[in-house]
Amino acid sequence: MDGYLDESFNKETDRYLLSLLSPPDGVLARMEQYALTKKFPFIGPLAGNLLGILARATDARRIFELGSGFGYSALHFARLMPPDGRVICTDGDPENKVRAEKYFADAELSEKLEFHVGDAVSILERFAGPFDIIFMDIDKQGYPQGFRAAWPKLKVGGLFIADNLLWHGNVLSDDQQPTTRGVRDLTKLIYATPGTRTSVVPLRDGVSITVKLF
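First things first, this report covers the structure right here in the doc. Every value quoted in this text rests on a predicted model; they were computed, and no experiment measured them.

## Some details on the sheet that holds strand E6 (residues 196-201)
Strand pairing in a sheet takes place through backbone hydrogen bonds and is either antiparallel or parallel in direction. Ordered in space as E3-E2-E1-E4-E5-E7-E6, the 7 strands form an open sheet in which the pairing is mixed. Across the chains shown, the open sheet's two edge strands, defined by having one partner strand only, are strand E3 (113-117) and E6. Across this sheet, the average inter-strand angle for adjacent strands is 15 degrees, counted without regard to direction. Bridge count between strand E5 (residues 154-163) and strand E7 (residues 207-212): 5 bridges; the pairing is antiparallel. Bridge pairing links Phe160 to Thr210 in E7. Against the sheet, helix H7 (residues 143-150) makes contact with strand E1 (62-66), strand E4 (131-136) and E5, and its axis sits at roughly 165 degrees relative to E5, the strand it touches most.

Written out as structure tokens, the structure is:
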């Protein structure tokens, strides 16, 4: 369990919340074990559970992920989307695409997955909106650019979600690394952009949820 808490500076709360979740089933359990064994950064079960809830609550049918890794967040979305739902995934590593497709096949959800290899923002620019949800988990220095590319493609009433908004607590310090500056700049953008209403949920490393009002 503690492996899920590596990026959380509120570990006792997260440990308690993790204890309330049902144990993951076979596919998710294998994905989580892979991430922990390989030390692959992923959102973890608490944030994954939240993503699934948001997909179901909004009846999302079209989701775009800026940065998908091996498909862990996408599988949480897909499981609670309607039968005609689709998650468009992006990652720079073709091995992650192969692994994600295998996991989706094992979960019998292949029809909900579309996976593209390359730069996430460049791939998004090739797609027409609107999307119901856009989820971002790319290199943090690219966060402001990712938001600017995503916002026009999000439907009114849709959700823009980003991971790592607390960035290991570095946003609370005077850290000036490009990654920390990227997270800070995104945070300012999502709160300052007209037509937004945002909350940062302090699960694990922080998840921001921004609704597009107009």
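## So, the pattern of salt bridges
Within this structure, the stated rule accounts for 10 salt bridges. A salt bridge links Arg79 to Asp25, with the nearest nitrogen and oxygen atoms 2.6 Å apart. With Arg79 in helix H4 (residues 72-79) and Asp25 in the loop between helix H1 (11-20) and helix H2 (26-38), the pair connects residues that are 54 residues apart, well separated along the chain. Among the residues examined, Arg79 registers a relative accessible area of 32% and is labelled partly exposed. Among the residues examined, Asp25 registers a relative accessible area of 35% and is labelled partly exposed. Its salt-bridge partner being Asp137, residue Lys140 comes within 2.7 Å of it at the nearest N-O pair. Its relative accessible area of 6% is what places Lys140 among the buried residues. When salt bridges with common partners are traced through the structure, they connect Arg30, Lys102 and Asp106 into a single cluster.

So, how was this worked out
Residues numbered from 1 in each chain as written. Predicted model: local features only at pLDDT ≥ 70, side-chain atom pairs only at ≥ 80, totals over all residues. Heavy atoms only, no water. Pairing = 2+ DSSP bridges. Helix = DSSP H or I, 4+ residues; strand = E, 2+ residues; numbered from the N terminus. Axes fitted to C-alpha atoms, helices over the stretch in contact; angles between N-to-C directions. Contact = heavy atoms within 4.5 Å. Salt bridge = Lys/Arg side-chain N within 4 Å of Asp/Glu carboxyl O. Buried < 20%, exposed > 50% of the residue type's maximum accessible area, 1.4 Å probe, protein only.

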